[in-house]
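Structural overview for review
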Amino acid sequence: MILRSILLKLAGNRRFTEFLSRKGMSTGIARRFVAGETAQEAVQEIRRLNDQDISATFDHLGENVLDAAGADQATEACMDLIEIIEKEELRANVSLKLTQLGLDLGDELCLGNMRRILTRAEESGMFIRIDMEGAQYTQRTLKIVHALWRDCKNVGTVIQSYLYRSGQDVEDLMEMGVRVRLCKGAYKEPRRVAFPRKKDVDKSYQNLVTRLLEKGEYPAIATHDPTMIEHTVAEANRLGRDPSSWEFQMLYGIRVGEQLRLRKEGYGMRVYVPYGKQWCPYFMRRIAERPANALFVLKNILRS
Ligand code: FDA
């Protein structure tokens, strides 16, 4: 827990992230979790996954843009991705973050950009997932999802089991019919809003899996945790939930063998494939999840 806090703090330190950004791709460290810096590199990785009968969700990395021009650029990049998925005939959709689309600059700007993306995606019958960021954004993200849902049914979002509020949020989203991806949560949150103990995060995760399998519209169970996976499979069987009506999701580069095993056993599997020049904050969250990853980075930096 202490190491996780330090690593998540480092993720917000500009000098450290600039240093890592300079070293990361050239030494290959970043490629452990990031498909590359260009869309073309990500396409290659997604094609490889599709060849193994695994679907993907593209993530053009970037968060917290500083001005409307940056938000517009990120919006255009998402629309380009939809174009690429169509042209390359990939089995993939798009995940994005609202702070990429200008959430820090105001809800209206962000909503406008989201509407542009969803309208373009709808023309291609494509689904767009809004990732969930730190707890300071949860309420506003859900408010935007509610607003979008009135006109666009090709949008879904993410719920984090570490937040105390998530039980109610899952119920609300299920009531509306919005597709939910369930994850544990990757940010450093105060105990005022989130369970501080892993044991409680896991218990909350299992309860929410059960609720989503009981009632959720095509839930996505996003985890690499063997206990959560076992619980999901057992609950899906108990509830008679058809494997084609929900899916597992995992991150690019994590438990690759397990991704293949679950797919071979007949479960839907979608891999989250991030790419882009701004890979550092995403990469640091992955490092913070597992102390062994920090050692991996340290060894590679020292070797380079
Ligand atoms: P846990 O962290 O307990 O890990 C279980 C096991 O998985 C570990 O023992 C290890 O074997 C393996 N593992 C997990 N993380 C690893 C890593 N970084 N490196 C190597 N092995 C690792 N979060 C968020 O806040 N908002 C979001 O929108 C999303 N979106 C999202 C999409 C998808 C498809 C996934 C899979 C995850 C997210 N997350 C996320 C991240 C999520 O909240 C969480 O931080 C990670 O998935 C790790 O949690 P696990 O459930 O895997 O369990």
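In this report, we go over the structure that sits alongside the text.

**A short note on the pairing of strand S5 (residues 179-183)**
A regular strand places its side chains so that they alternate between the two faces of the sheet. Among the five residues of S5, four are classified as buried, and the element is accordingly described as predominantly covered. Strand direction decides the pairing type here: strand S4 (residues 155-160) and S5, joined by five bridges, are parallel. Looking at S5, one finds that Gln160 is bridged to Cys183. The β-α-β motif built from S4, the intervening helix H7 (residues 166-176) and the parallel element S5 has right-handed crossover chirality. Pairing of S5 with strand S6 (residues 220-222) involves two bridges; the strand directions are parallel.

**So, the sheet that holds strand S8 (residues 269-275)**
Taken together, the eight strands give a closed barrel; going around it, the order is S1-S2-S3-S4-S5-S6-S7-S8, and neighbouring strands pair in parallel fashion. The average angle at which neighbouring strand axes cross in this sheet is 30°, direction not considered. Bridge count for strand S7 (residues 247-251) against S8 is four bridges, and the pairing is parallel. Across the sheet, residue Gln249 finds its bridge partner in S8, namely Arg270. Here H7 sits on the sheet in contact with S4 and S5, set at roughly 160° to S4. Strands in contact with helix H10 (residues 256-264) are S7 and S8; relative to S7, the strand with the most contacts, it is inclined by about 165°.

**A short note on the site of the ligand**
Among the 26 residues in the neighbourhood of the ligand, the closest are listed as Met132, Gly185, Thr223, His224 and Glu289. Contact distances for the ligand include 2.8 Å between a nitrogen atom and a backbone N or O atom of Arg286. Only S4, S5 and S7 provide two or more residues apiece to the shell around the ligand. Ranked by residue count, the leading element in the shell around the ligand is S7, at three residues. Taken together, the residues that form the shell around the ligand break down as eleven nonpolar, six polar and nine charged.

**Observations concerning the pattern of salt bridges**
As a working rule, side chains carrying opposite charge can pair if their charged atoms are close by. All chains considered together, the criterion is met by 30 salt bridges. For Arg116, the salt bridge identified is with Glu76, shortest N-O distance 2.7 Å. Of the two residues, Arg116 sits in helix H5 (residues 107-123) while Glu76 sits in helix H4 (residues 68-87), which places them 40 residues apart along the sequence. For Glu76, a relative accessible area of 34% translates into the label partly exposed. Among the ionic pairs, Arg261 bridges to Glu258, the shortest N-O distance being 2.9 Å. A residue pair is termed a helical-turn pair when its members lie 3 or 4 positions apart in one helix, as Arg261 and Glu258 do in helix H10 at three residues. According to the relative accessible area criterion, Arg261 is partly exposed, its value standing at 35%. Looking at Glu258, the relative accessible area reads 13%, which means it is buried. Through salt bridges with shared partners, a single ionic network connects Glu83, Glu86, Arg120 and Glu123.

What counts and what doesn't
Residues numbered from 1 in each chain as written. Predicted model: local features only at pLDDT ≥ 70, side-chain atom pairs only at ≥ 80, totals over all residues. Heavy atoms only, no water. Buried < 20%, exposed > 50% of the residue type's maximum accessible area, 1.4 Å probe, protein only. Helix = DSSP H or I, 4+ residues; strand = E, 2+ residues; numbered from the N terminus. Pairing = 2+ DSSP bridges. Right-handed = clockwise from strand over helix to strand, strands pointing away. Axes fitted to C-alpha atoms, helices over the stretch in contact; angles between N-to-C directions. Contact = heavy atoms within 4.5 Å. Near = heavy atom within 4 Å. Polar contact = N/O pair within 3.5 Å; in protein donor to acceptor, adjacent residues only side chain to side chain. Nonpolar A, V, L, I, M, F, W, Y, C, P; charged D, E, K, R; others polar. Salt bridge = Lys/Arg side-chain N within 4 Å of Asp/Glu carboxyl O.

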